[in-house]
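Spelled out from the first residue to the last, the chains are:
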Amino acid sequence: MEELERAAKRLKTARDELDEKLHKIDDEEKRLKDRMKQLEEKKTECAATNGDVDVSDDDLIEVNAGGKIIAAKRGVLTQRKGTRYEALFSGRWEKKLQRDNSGRIFLD
């Protein structure tokens, strides 16, 4: 009987430790979700200030890359999330991009 009580006590201790760890994980998840929400809001604010919020993956973008004209859909240029291309062509920086005489994005 004593062995059963010790096992029950160990089980309760293990459950309490697990509950504490789960609570910490839940708190961290909430903190990360809040941070992601803040970053998304900042991204939208940046787009409103420096770019165009009404962009579409189907927009055709013309780029003057050192004199060579390249045309591609925005979705192709931004398909790799988290890259510089995604940031550059996402629309968030439309007003800040250097352009040539024909209005194409100029990269040199």
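Check the entry above for the structure.
Definitions and cut-offs
Residues numbered from 1 in each chain as written. Predicted model: local features only at pLDDT ≥ 70, side-chain atom pairs only at ≥ 80, totals over all residues. Heavy atoms only, no water. Pairing = 2+ DSSP bridges. Helix = DSSP H or I, 4+ residues; strand = E, 2+ residues; numbered from the N terminus. Axes fitted to C-alpha atoms, helices over the stretch in contact; angles between N-to-C directions. Salt bridge = Lys/Arg side-chain N within 4 Å of Asp/Glu carboxyl O. Buried < 20%, exposed > 50% of the residue type's maximum accessible area, 1.4 Å probe, protein only.

Asks: Quick one: what's the story with the sheet that holds strand β2 (residues 68-73), residue by residue and with numbers?
Replies: Spatial ordering of the open sheet is given by β2-β1-β3, a layout of three strands whose pairing is mixed. Pairing within the sheet leaves two strands with one partner each, and these edge strands are β2 and β3 (105-107). This sheet shows a mean twist of 30° between the axes of neighbouring strands, independent of strand direction. Judged from the three bridges that link them, strand β1 (residues 60-65) and β3 form a sheet pairing that is parallel. Paired with A65 across the strands is L107, a residue of β3.

Asks: Give me the pattern of salt bridges: which residues, what numbers.
Replies: Within this structure, the stated rule accounts for 14 salt bridges. In this structure, K30 engages D34 in a salt bridge whose closest nitrogen and oxygen atoms are separated by 3.0 Å. Here K30 and its partner D34 are both found in helix α1 (residues 2-50), four residues apart, which amounts to about one turn of the helix. Residue K30 is classed as exposed on the basis of its relative accessible area, which comes to 52%. Overall, the relative accessible area of 37% leaves D34 in the partly exposed class. In this structure, D58 engages K73 in a salt bridge whose closest nitrogen and oxygen atoms are separated by 4.0 Å. Here K73 lies in strand β2 and D58 lies in the loop between α1 and β1, a separation of 15 residues in the sequence.

Asks: Requested: an account of the pairing of β2, with residues and values cited.
Replies: Two faces make up the sheet, and in a regular strand the side chains alternate between them. Note that β1 and β2 share six bridges and pair antiparallel. Directly across from V63, in β2, lies its bridge partner I70. Here β1 hands over to β2 after two residues, with G66 in that stretch at a positive phi of 60°.

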